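Listed below are the residues making up each chain.
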Amino acid sequence: MVSSESQGARILSVDVGSSSVRAELYDDAGDSVVGTEVKLNYEFEYTPDGGAEKDADELLDLVVRAVDGTLSEARGAIISGVAMSTFWHSVLGLDRDGRPTTPILTWADRRAAEAVPDLRERLNERANHRRTGCVLHSSYWPAKLLWSSRAMPEAFEKTERWVSPADYFYARFFGEPYQVGTSMASGTGLLDQNRRKWDRKTLEALPAEEGQLSTISDEPRKGLAGEWAERWPALREAPWLPAVGDGACSNVGSGCTGSDRLALMVGTSGAMRVLWKAESVEIPDGPWCYRADAERYVLGGALSDGGNLIEWLRSTLRLPDPEKTEEMLSDLEPDSHGLTFLPLLAGERGPGWADRANGTVSGLSMSSKPVEILRAAMEAVALRFAIIAEMLDTASPGEKEVVASGGGLLRSPTWTGIMADTLGRPVTLSGVKEASSRGAALIALEALGGPEIEAADVPLGETFEPDSGRHEIYRRALERQRRLYDAVLGGS
């Protein structure tokens, strides 16, 4: 419970991630209020054909329960605003009554890969990328909408609107109209990033119309609808800021808000991003480009495999408890296992965008030990990040401090050290436990008249310095991984 001495204006931050929903209060400096965090874990529902979906009402229920829990620990606190961070790229259909016609088709759902070749015939992929910041890939809405029209025709026919999960939550809390913030719209693959409007050329290639999409607006919502006003009187008139993409929030929460810092995040998945303020941007080939808000862009690359791969291996290989496993990992020498690993079990969002990719391990023998396979996977993820770093060095030149966040690295010093050695540059751990949640709060504070996010004081933790000898070992391992990638996926 918040002490009476500390009670004052608070931001309620709701973070809808790919494996959990969190709610927590933050003060006017963007610091979390101890004792107010609620975390509810969940999983996407995976199907053998590559599906990764979630029932919209089940996810809504988790959001509601998280908010309930935090408010119960914040008696007497004044809620000055509500911030929300949600995972990017995901879509669901709604009928004329606003009820879901489809599950949430998440960023990890690969079934739409079969629609991508058709999209490439309808659209100039390079020109499309330069407008929307997104490649033609199953992660984004264009492929998901085209695939849905063929794979679920009855649901598609009943669908009146296509929305992000946050649009659905807000419509339930406030009623119509359906609105989406610049940030969430920017991750759909349907937004002209510089004009901040739905991209007409992309929509013309799809069985969907602009009228079926939410109105783009960064204005807060106020005035909860009946049952919610009764349930949450503390939030009845509080402004709810539009949801922001979790990647942008992670950058802000970890202090990576300028072109001199590179955010390295390993949570369920992984990403490397640079965020900066600009009036417009010329989107380069290679990286994706989204928005944090109307003034800031986010450029980067993402991996579908991160902490999810490591947790899957821990379970599948029946490794000992995390503390003992960490000790075993640290005893192994770099690339000493004789394995070459393509960490693409959940597909590839970058840097090669091989939509139908799967994982591959080369070099397995009867002498291969479970911990060696795990170490090979950690090194393999780091090697994929090295390729993304090369791409970003070209797209956004200049020295950059690397700041790492996410449970994957914060819980494993060995993996963080591998990252530093592979990248050949220092990696500093963020001192923020939940970067996306805090980032959403900081963005909300700025929007409500507080200091700009660039002025936020963000704590940093330990810095891992690279070893030149280990870097050379990983440089050779990267070339080996590239050759395996070309052999397995060169025709994709």
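Calculation criteria
- Residues numbered from 1 in each chain as written.
- Predicted model: local features only at pLDDT ≥ 70, side-chain atom pairs only at ≥ 80, totals over all residues.
- Heavy atoms only, no water.
- Buried < 20%, exposed > 50% of the residue type's maximum accessible area, 1.4 Å probe, protein only.
- Helix = DSSP H or I, 4+ residues; strand = E, 2+ residues; numbered from the N terminus.
- Pairing = 2+ DSSP bridges.
- Salt bridge = Lys/Arg side-chain N within 4 Å of Asp/Glu carboxyl O.
- Axes fitted to C-alpha atoms, helices over the stretch in contact; angles between N-to-C directions.
- Contact = heavy atoms within 4.5 Å.
- Polar contact = N/O pair within 3.5 Å; in protein donor to acceptor, adjacent residues only side chain to side chain.
- 1 Å grid on protein atoms, 1.4 Å probe; cavity = no way out; pocket = protein on both sides within 12 Å on 5 of 7 lines; lining within 4 Å.
- Points joined across faces, edges and corners; volume = space filled by probe spheres on them.
- Phe/Tyr/Trp six-rings, centres within 6.5 Å; stacked < 30°, edge-to-face > 60°.
- Nonpolar A, V, L, I, M, F, W, Y, C, P; charged D, E, K, R; others polar.

*Asks:* A description of the pairing of strand 6 (residues 78-86) should follow, citing residues and the corresponding values.
*Replies:* Burial runs high along strand 6: 7 of the 9 residues are buried. Where strand 1 (residues 9-16) meets strand 6, 8 bridges bridge the pair, whose relative direction is parallel. Following the sheet pairing, Val16 is matched in strand 6 by Thr86. As paired elements, strand 6 and strand 14 (residues 244-245) share 2 bridges and run parallel to each other. Pairing of Ser85 across the sheet is with Val244, part of strand 14.

*Asks:* Go over the pattern of salt bridges with me, naming the residues and quoting the values.
*Replies:* Per the counting criterion, the structure on display carries 37 salt bridges. A salt bridge links Arg111 to Glu53, with the shortest nitrogen-to-oxygen separation between them at 2.8 Å. Of this pair, Arg111 sits in the loop between strand 8 (104-105) and helix 2 (116-122) while Glu53 sits in strand 5 (residues 52-54), and the two are 58 residues apart along the sequence. Each member of the pair Arg111 and Glu53 is classed as buried. In this structure, Asp118 and Arg150 form a salt bridge, with 2.3 Å as the shortest nitrogen-oxygen distance. Within this pair, whereas Asp118 is found in helix 2, its partner Arg150 is found in helix 4 (residues 141-151), the two being separated by 32 residues in sequence. By relative accessible area, which is 45% here, Arg150 ends up partly exposed. Sharing partners across several salt bridges, the network here consists of Asp15, Arg22, Glu37, Lys433 and Glu434.

*Asks:* Can you lay out the sheet that holds strand 23 (residues 460-464) for me, pointing to particular residues and giving the numbers?
*Replies:* Spatial strand order, 17-18-16-15-21-22-23: 7 strands in an open sheet with mixed pairing. The open sheet has two free edges, formed respectively by strand 17 (288-291) and strand 23, since each of these has just one partner strand. Taken over all neighbouring pairs, the strand axes of this sheet differ in orientation by 30° on average, direction set aside. Strand direction decides the pairing type here: strand 17 and strand 18 (residues 296-303), joined by 4 bridges, are antiparallel. Counted as the bridge partner of Cys289 is Leu299 from strand 18. Contacting strand 15 (261-266), strand 16 (270-277) and strand 18, helix 13 (residues 370-395) crosses the sheet at an angle of about 150° to strand 18.

*Asks:* Which residues make up helix 15 (residues 413-423), and what are the values?
*Replies:* Side chains of residues three or four places apart in an α-helix project in the same direction, reflecting 3.6 residues per turn. Among the 11 residues of helix 15, 10 are classified as buried, and the element is accordingly described as predominantly covered. Taken residue by residue, helix 15 has Thr414, Trp415, Thr416, Gly417, Ile418, Met419, Ala420, Asp421, Thr422 and Leu423 as its buried positions. Two residues or fewer past helix 15, Gly424 is found with a positive phi of approximately 75°.

*Asks:* Now, about the environment of Ser214: what can you tell me, with residues and values included?
*Replies:* Counting through the fold element by element, Ser214 comes out in the loop between helix 8 (200-204) and strand 13 (215-216). The spacing of Ser214 and Leu345 is 131 residues in sequence and 33 Å in space, taken between C-alpha atoms. Residues within four places of Ser214 in sequence aside, it is in contact with Trp162, Val163, Asp167, Tyr178, Gln179, Val180 and Trp198. Within the structure, Ser214 has its side chain in polar contact with the side chain of Asp167 (distance 2.9 Å).

*Asks:* Can you explain empty space enclosed by the protein? Please cite residues and give values.
*Replies:* According to the stated counting rule, one finds 3 cavities of 30 Å³ or more in the structure shown. Estimated volume of the largest cavity: approximately 80 Å³. Forming the walls of the largest cavity are Ala166, Asp167, Tyr170, Gln179, Val180, Gly181, Met184, Ser217, Glu219, Arg221, Pro242 and Ala243. If you list the elements that add at least two residues to the lining of the largest cavity, you get helix 6 (165-174) and strand 10 (179-180).

*Asks:* Which residues make up the environment of Ile11, and what are the values?
*Replies:* By the secondary structure assignment, Ile11 is in strand 1. Counting along the chain gives 227 residues from Ile11 to Ala238, while the straight-line C-alpha distance between them is 9.6 Å. In this structure, Ile11 is in contact with Glu24, Leu25, Tyr26, Ser80, Gly81, Ala83, Ala441, Ala444, Leu445 and Leu448, ignoring residues within four places of it in sequence.

*Asks:* Could you give an account of the packing of aromatic side chains, with specific residues and numbers?
*Replies:* Under the counting rule described, the total for this entry stands at 18 aromatic pairs. Their ring planes at 70° and their centres at 5.3 Å tell us that Phe173 and Trp232 sit as a pair that is edge-to-face. Of this pair, Phe173 sits in helix 6 while Trp232 sits in the loop between helix 9 (226-231) and strand 14, placing them 59 residues apart in sequence. Here Phe173 and Trp232 have matching classes, each one buried. Cluster of aromatic residues (ring-pair linked, three or more members): Tyr170, Phe173, Phe174, Trp228, Trp232 and Trp240.

*Asks:* Give me the sheet that holds strand 5: which residues, what numbers.
*Replies:* Pairing between sheet strands relies on hydrogen bonds along the backbone, with the strands arranged either parallel or antiparallel. Reading across from one edge, 4-5-8 is the order of the 3 strands in this open sheet, with antiparallel pairing throughout. Each end of this open sheet is capped by a strand with a single partner; those strands are strand 4 (45-46) and strand 8. Here strand 5 pairs with strand 8 via 2 bridges, running antiparallel. The partner of Lys54 across the bridge, within strand 8, is Ile104.

*Asks:* Give me the lowdown on the layout of surface pockets, citing residues and values where you can.
*Replies:* If you add up the space inside the second largest pocket, you get close to 330 Å³. Around the second largest pocket, the lining is made up of 21 residues, and of these Asp218, Leu241, Asp293, Ile443 and Ala447 lie nearest the centre. Elements that contribute at least two residues to the lining of the second largest pocket include exactly strand 6, helix 7 (182-186) and helix 16 (435-447). By residue number, the principal contributor to the lining of the second largest pocket is helix 16, which donates 5 residues. Among the residues forming the lining of the second largest pocket, the class breakdown is 13 nonpolar, 3 polar and 5 charged.

*Asks:* Tell me about unusual backbone geometry, residues and numbers included.
*Replies:* Across the junction of Glu176 and Pro177, the peptide omega takes the value 5°, indicating a cis bond. Structurally, Pro177 can be placed in the loop between helix 6 and strand 10.

*Asks:* Please give an account of the pairing of strand 16 that cites residues and values.
*Replies:* For strand 16, the tally of buried residues reaches 7 of 8 residues, placing the bulk of the element in the interior. Across 4 bridges, strand 15 lies against strand 16 in antiparallel orientation. Within strand 16, the residue paired with Ala263 across the bridge is Arg273. Here strand 15 folds back onto strand 16, and the loop between the two strands holds 3 residues. In terms of strand pairing, strand 16 meets strand 18 through 8 bridges, oriented antiparallel. Bridged to Leu275 within strand 18 is Val298.

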